[in-house]
Amino acid sequence: VQLQASGGGLVQAGGSLGLSCAASGRTFGNYVMGWFRQAPGKEREFVAGINWSGGSTYYADSVKGRFTISRDNAKNTVYLQMNSLKPEDTAVYYCAARRGPGVVIAYTSYEYWGQGTQVTVSS
């Protein structure tokens, strides 16, 4: 599967942004999807994940209550709505897919990656 992320940009602290990740292929519904981020000089970290049906979602503690992950299998797209953004959310955001049964937080468990989209939150 090929992934194409979009929707990043520059926003002031407290603002909102929505990211999208469009997937190619007809088996999108078979994949667990995740969003990760990587800030300069830091390791890639898990942000949010969603199972194949959309019935289960998981969030990093740092974004819980502010970010929402969702998916539309008919459109082969996964979304990340980010509210109440903070300067520490600044990073390149990546969408990823894995064929395993559930969401995991280790980025090494994801087989397919999008190209990344920059999110910058100014203070």
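The structure under discussion appears in the preceding block.
Computed from a prediction, not measured in an experiment: that's the story for all the values here.

Enquirer: Report on the side chain of Asn 76, specifying residues and quantitative values.
Expert: On the secondary structure map, Asn 76 appears in the loop between β7 (67-72) and β8 (77-82). Leaving out residues up to four positions away in the same chain, Asn 76 has contacts with Cys 21, Ala 22, Ala 23, Ser 24, Gly 25 and Phe 28.

Enquirer: For the state of the cysteines, give the residues involved together with the corresponding values.
Expert: Tallying each qualifying case throughout the model produces 1 disulfide. Shown here is the disulfide that connects Cys 21 with Cys 95, its sulfur atoms set 2.1 Å apart. Because the torsion about its S-S bond is 60°, the bridge between Cys 21 and Cys 95 counts as right-handed. Taken together, the positions of Cys 21 in strand β3 (residues 17-23) and Cys 95 in strand β9 (residues 91-98) put the pair 74 residues apart, joining distant regions of the chain.

Enquirer: Please give an account of the environment of Arg 71 that cites residues and values.
Expert: Along the polypeptide, Arg 71 turns up in strand β7. Here the alpha-carbon distance between Arg 71 and Gly 54, two residues 17 residues apart in the chain, equals 6.2 Å. Of the polar contacts made by the side chain of Arg 71, one reaches the backbone oxygen of Tyr 31; its length is 2.8 Å. Within polar-contact distance, the side chain of Arg 71 engages the side chain of Asn 73 at 2.7 Å.

Enquirer: Account for the packing of aromatic side chains, with residues named and values stated.
Expert: Each aromatic ring pair is characterised by the separation of its centres together with the angle its planes make. Scanning all chains against the criterion turns up 6 aromatic pairs. Geometrically, the ring pair formed by Tyr 31 and Tyr 112 is edge-to-face, given 5.8 Å between the ring centres and 85° between the ring planes. You can see Tyr 31 sitting in the loop between β3 and β4 (32-38) and its partner Tyr 112 sitting in strand β10 (residues 112-113), a full 81 residues away along the chain. Take Tyr 112: its relative accessible area is 22%, and that puts it in the partly exposed class. An aromatic cluster is defined as three or more aromatic residues linked by ring pairs; in this entry it consists of Phe 36, Phe 46, Tyr 94, Tyr 110 and Trp 113. Taking NZ or CZ as reference, Arg 71 lies 4.5 Å from the ring centre of Phe 28, over its face. Across from the ring centre of Tyr 110, 5.9 Å away, lies the NZ or CZ of Arg 98, which sits over that ring.

Reading the values: the criteria
- Residues numbered from 1 in each chain as written.
- Predicted model: local features only at pLDDT ≥ 70, side-chain atom pairs only at ≥ 80, totals over all residues.
- Heavy atoms only, no water.
- Helix = DSSP H or I, 4+ residues; strand = E, 2+ residues; numbered from the N terminus.
- Contact = heavy atoms within 4.5 Å.
- Disulfide = S-S within 2.5 Å.
- Polar contact = N/O pair within 3.5 Å; in protein donor to acceptor, adjacent residues only side chain to side chain.
- Phe/Tyr/Trp six-rings, centres within 6.5 Å; stacked < 30°, edge-to-face > 60°.
- Buried < 20%, exposed > 50% of the residue type's maximum accessible area, 1.4 Å probe, protein only.
- Lys NZ or Arg CZ within 6 Å of the ring centre and 35° of its normal.

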